[in-house]
Amino acid sequence: DFRAMSSAITRHPTVLRKLDVSLCGMTDEGLEQLLPGLEACTGLEEIHLSDNSLTEKHLASLRDCLRRHSKSLKLFSIARNDLRDGGLKMLQPGLQACSQLCGLWLNGTGLTSACAAHLAETLCCLTKLETLWLNNNCLGDDTLAEISLVLSRQSTLTNVNFTSMSMTSPSLEALSSVLNGNPRLEVLRLNEQNTFLSGNRGGEHEFVQSVKNAKLKVLTMPKVSALSQCAL
């Protein structure tokens, strides 16, 4: 019962640091019931809402909640909910205010390339971001080109997941800039749906060199690509 949970949080507003209601079957109505408690608490550092049944219906209230905790929030996960581009646009002002955010999970939320500008504007404000998961969205070359301009200047990234994004050869230059701009990057995940086989030799060479110069501990690559052998 999310209303009861909200009441419990309200009675002890200074205790809660991490809220994890992932896989709880939460609907938009459940989120609306929970939000008064979240707005009452202070010092909230983590919000995990993954694997529920949320849509953009009540995200305006969640946006305001993010703003309230903008000085303390470090991790925000809303993965595998049906937000779509409209949901990200609604959350954008709240996320942009979270200056301490280190981890952002937007994977599997139905994003498309139509939200590329909003995504880039959001990431531009997250100067302490370390973990970014955008996998399992309908994003591709155009989106990566736009956000890479921002990510290449972050210098804080350590873990990036781009699996199941429709990236092709033009994305190699963008990936190279992300690698070159983030010397602390340890994990870069791509996969079989990323096909870098359109003859962009210059881009391939630059990407391979960027990988060789990086300090990656985990790199997943398309199995069918010659790059998977050249880069490792």
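To be clear, the structure that these remarks concern was listed above.
Residues numbered from 1 in each chain as written. Predicted model: local features only at pLDDT ≥ 70, side-chain atom pairs only at ≥ 80, totals over all residues. Heavy atoms only, no water.

Caption draft 1: Seen up close, the packing of helix H3 (residues 59-68) against helix H4 (residues 84-97). Their axes nearest at 7 Å, the elements H3 and H4 cross at an angle of 10°. One element, H3, and the other, H4, form an angle in the roughly parallel class. In contact with Leu59, Ala60, Leu62, Arg63, Leu66 and Arg67 of H3, H4 contributes Gly87, Met90, Leu91, Pro93, Gly94, Leu95 and Ala97. (Axes fitted to C-alpha atoms, helices over the stretch in contact; angles between N-to-C directions. Helix = DSSP H or I, 4+ residues; strand = E, 2+ residues; numbered from the N terminus. Parallel < 35°, antiparallel > 145°, perpendicular 65-115°, else oblique. Contact = heavy atoms within 4.5 Å.)

Caption draft 2: A look at the environment of Thr163. Looking at the secondary structure, you find Thr163 in the loop between strand S6 (159-161) and helix H7 (171-181). Along the backbone, Thr163 and Pro183 are 20 residues apart, and their C-alpha atoms lie at a distance of 21 Å. With near-sequence residues (within four places) excluded, Thr163 lies in contact with Asn135, Asn136, Arg189, Leu190, Asn191 and Thr220. Polar contacts involving the side chain of Thr163 include one to the side chain of Asn161, which spans 2.8 Å. (Polar contact = N/O pair within 3.5 Å; in protein donor to acceptor, adjacent residues only side chain to side chain.)

Caption draft 3: Region of interest: the environment of Gln154. Note on placement: Gln154 falls in the loop between helix H6 (141-151) and S6. With 29 residues separating them along the chain, Gln154 and Cys125 place their C-alpha atoms 9.7 Å apart. In contact with Gln154, not counting residues within four places along its chain, are Leu123, Leu126, Thr127, Leu129 and Asn182. For Gln154, the side chain forms a polar contact with the main-chain oxygen of Leu123, separated by 3.3 Å. A polar contact of 2.7 Å, which involves the side chain of Gln154, links it to the backbone oxygen of Leu126.

Caption draft 4: Region of the structure containing the sheet that holds strand S3 (residues 75-77). Strand order in this open sheet of eight strands is S1-S2-S3-S4-S5-S6-S7-S8, and the pairing throughout is parallel. Two strands bound the open sheet, and with one partner strand each, they are strand S1 (18-20) and strand S8 (218-220). Along the sheet, successive strands turn relative to each other by an average axial angle of 5°, direction set aside. Across three bridges, the pairing between strand S4 (residues 103-105) and strand S5 (residues 131-133) is parallel. By the bridge assignment, Leu104 is partnered in S5 with Leu132. (Pairing = 2+ DSSP bridges.)

Caption draft 5: Region of interest: the pattern of salt bridges. Applying the stated criterion across every chain, the model contains seven salt bridges. With a shortest N-O distance of 3.9 Å, Arg184 and Glu130 are connected by a salt bridge. Of this pair, Arg184 sits in the loop between H7 and strand S7 (187-189) while Glu130 sits in the loop between helix H5 (116-125) and S5, placing them 54 residues apart in sequence. Note on Arg184: relative accessible area 42%, which makes it partly exposed. For Glu130, a relative accessible area of 28% puts it in the partly exposed group. Through salt bridges that share partners, Arg63, Asp64 and Arg67 make up one connected network. (Salt bridge = Lys/Arg side-chain N within 4 Å of Asp/Glu carboxyl O. Buried < 20%, exposed > 50% of the residue type's maximum accessible area, 1.4 Å probe, protein only.)

Caption draft 6: Summary view of the nonpolar core. Grouped together as the largest cluster of nonpolar side chains are 61 residues, with contacts concentrated most on Phe76, Ile78, Leu104, Leu123 and Phe162. Elements with a contribution of two residues or more to this core: helix H1 (2-11), helix H2 (28-40), H3, H4, H5, H6, H7 and helix H8 (201-213). Here this core takes five residues from H7, the largest share from any one element. Those residues in contact with Ile78, other than ones at most four positions away along the chain, are Leu49, Ser50, Leu54, Leu59, Leu62, Leu83, Leu91, Trp105, Leu106 and Thr109. (Core = buried A, V, L, I, M, F, W, Y, C linked by side-chain atoms within 4.5 Å.)

Caption draft 7: Region of interest: the state of the cysteines. Considering all chains together, one arrives at zero disulfides under this definition. Left unpaired, Cys41 is separated from the closest cysteine sulfur, that of Cys65, by 6.8 Å. Residue Cys41 is classed as buried on the basis of its relative accessible area of 1%. A disulfide-free cysteine, Cys98 has its sulfur positioned 9.1 Å from the sulfur of Cys65, the nearest such atom. (Disulfide = S-S within 2.5 Å.)

Caption draft 8: How the structure looks around the packing of H5 against H6. Contact geometry of H5 with H6 gives a least axis separation of 9 Å together with a crossing angle of 15°. Viewed along their axes, H5 and H6 adopt a mutual orientation that is roughly parallel. Pair H5 / H6 crosses with right-handed handedness. Judged by residue contacts, Ala116, Ala117, Leu119, Ala120, Leu123 and Cys124 of H5 engage Thr143, Glu146, Ile147, Val150 and Leu151 from H6. A class-by-class count of the residues in the contact of H5 with H6 yields nine nonpolar, one polar and one charged. (Left-handed = near helix turned anticlockwise from the far one by under 90°. Nonpolar A, V, L, I, M, F, W, Y, C, P; charged D, E, K, R; others polar.)

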